[in-house]
Amino acid sequence: MAELNNEQVLALKYIKEGFNIFLTGPAGCGKSFTIEKIVEQCTKYNKSLKITATTGAAASNIKGTTLHSWAGIGVPSKDTSIKLLQRKIMKNTKLKRKWRQTDVLIIDEVSMLDYEFMITLEKLARYVRNSEKVFGGIQIVLAGDFFQLPPVKPGLIRYIFEEKIWSELIHQIVSLTIVYRQKDDEYKEILMKIRNNTHTQDDIDRLNAEKTGGYNGGIVPTKLFCTRKDVDKMNANELAKLEEELVICPSKDFYENDATKRQYEKQWQFKHIVNLKI
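So, here's what we can say about the structure. (Residues numbered from 1 in each chain as written. Predicted model: local features only at pLDDT ≥ 70, side-chain atom pairs only at ≥ 80, totals over all residues. Heavy atoms only, no water.)

1. Side note on the packing of aromatic side chains
The relative placement of two aromatic rings is captured by the distance of their centres and the angle of their planes.
Now for step 1: Evaluated as defined, the whole model comprises eight aromatic pairs.
Now for step 2: Taking 5.8 Å as the distance between ring centres and 75° as the angle between the ring planes, the aromatic pair formed by Phe-146 and Trp-166 counts as edge-to-face. A residue pair is termed long-range when its members are at least 10 positions apart, and Phe-146 in the loop between strand E5 (139-143) and helix H8 (164-169) and Trp-166 in helix H8 qualify at 20 residues. Each member of the pair, Phe-146 as well as Trp-166, is classed as buried.
Now for step 3: Following the ring pairs from residue to residue traces out a cluster consisting of Phe-22, Phe-146, Tyr-159, Phe-161 and Trp-166. (Phe/Tyr/Trp six-rings, centres within 6.5 Å; stacked < 30°, edge-to-face > 60°. Helix = DSSP H or I, 4+ residues; strand = E, 2+ residues; numbered from the N terminus. Buried < 20%, exposed > 50% of the residue type's maximum accessible area, 1.4 Å probe, protein only.)

In C-alpha cells, the structure reads:
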C-alpha cells in the first residue's frame, strides 16, 4: 500500500486544518501507515510532534514512546493530587519544556487508554501551558479500534468515548474501511462479522473447514493469548511436562545510563529470570 486512499487523505486534511481527530478501523486497514504520513506532514510544516501509544509494543510499532513516558508523571494513584503532579512537571525544566513545546500529540491503541489518566493529562496540559483550550491547545490524534483490547484495569470497563472529555477532545472521526492485510473477500467478510459480533454458526463452520487435521513434523503451533498472565500460565504448564532438570537463567542487562534503563524496563517489562529445561 504505497498510495493514500480517500479516507486517509481526509485524515491528513483534518490534521492540516488543525482538528483533533480519532483515526479508527479494523485490523489491517492502514492505521499505522496513516500515522506515518501524519508524522511526515507535521514534520514538513515544522510542527513539534510526539508519537505515543498506550503500550510499549504499540509504541515500538510506530517508532514512538509510551504515553506515560511522554507525560513523565509515572502512574498516578487515585490519591495523587493534581497539584502534586503540576509541581512535579513545573520543577523539571526539561519535562516542562516538552509539555509546552509539543504541537501535536499522537496516541495509538486508544482502546486501552485509561480515561481517568487522560482526564488528568488534559488538566495538566491546561495548567502547564497556561491555556484554557482543550488539552492546553495541543492538537490530539487518537488512533485505534474500540473493538480490540479494553483498558487494563480491574472492575467495570469504561472507555474514554463514554466520558465527557471525548466530545470536548475529538472534532472529527475518520474510519478506515479498506482492509489491506487479507486478500480473500470471503475471509475478510467473516473477520468483519466476528469483529462486530454478528457472525453465525455457518461462519464458524467455514473457518473450521480449513483445519488441517494435525501437525506436521511434531511441531506444535504457537498459541496466542490476549494477556501476559495467560501466556505465563500456558508456558509454565508446558515446562512442567518436561522431565529434564530445571535451569534458572538470570539476565544480565546493560544500559547506556539509568534513565535509559528506567525507560526500557517501564516500556517493555522485561523478565529478569527465565526458567528452561534443556
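Next comes the rest of the description.
2. Considering the pairing of strand E2 (residues 49-53)
Two faces make up the sheet, and in a regular strand the side chains alternate between them.
Now for step 1: Among the five residues in E2, four count as buried, and that is most of the element.
Now for step 2: Inspection of the sheet shows E2 paired to strand E4 (residues 104-108) by five bridges, in the parallel sense. Residue pairing for E4: Lys-50 is matched across the bridge by Leu-105.
Now for step 3: Following the chain from E2 across helix H3 (residues 56-61) to the adjacent parallel strand E3 (residues 65-66), one finds a crossover that is right-handed. (Pairing = 2+ DSSP bridges. Right-handed = clockwise from strand over helix to strand, strands pointing away.)

3. Examining the nonpolar core
Now for step 1: Counting residues in each nonpolar core, the largest one holds 31 residues, and the members touching the most others are Trp-99, Met-118, Leu-121, Phe-135, Leu-142 and Ile-160.
Now for step 2: At the level of elements, helix H4 (67-71), helix H5 (82-91), helix H6 (93-101), E4, helix H7 (115-128), E5 and H8 are the ones that each hand at least two residues to this core.
Now for step 3: Counting residues per element, this core draws most heavily on H7, which supplies seven residues.
Now for step 4: With residues up to four places along the chain from it excluded, the contact list for Trp-99 reads Trp-70, Ala-71, Ile-89, Leu-121, Leu-124, Ala-125, Val-128, Arg-129 and Ile-138. (Core = buried A, V, L, I, M, F, W, Y, C linked by side-chain atoms within 4.5 Å. Contact = heavy atoms within 4.5 Å.)

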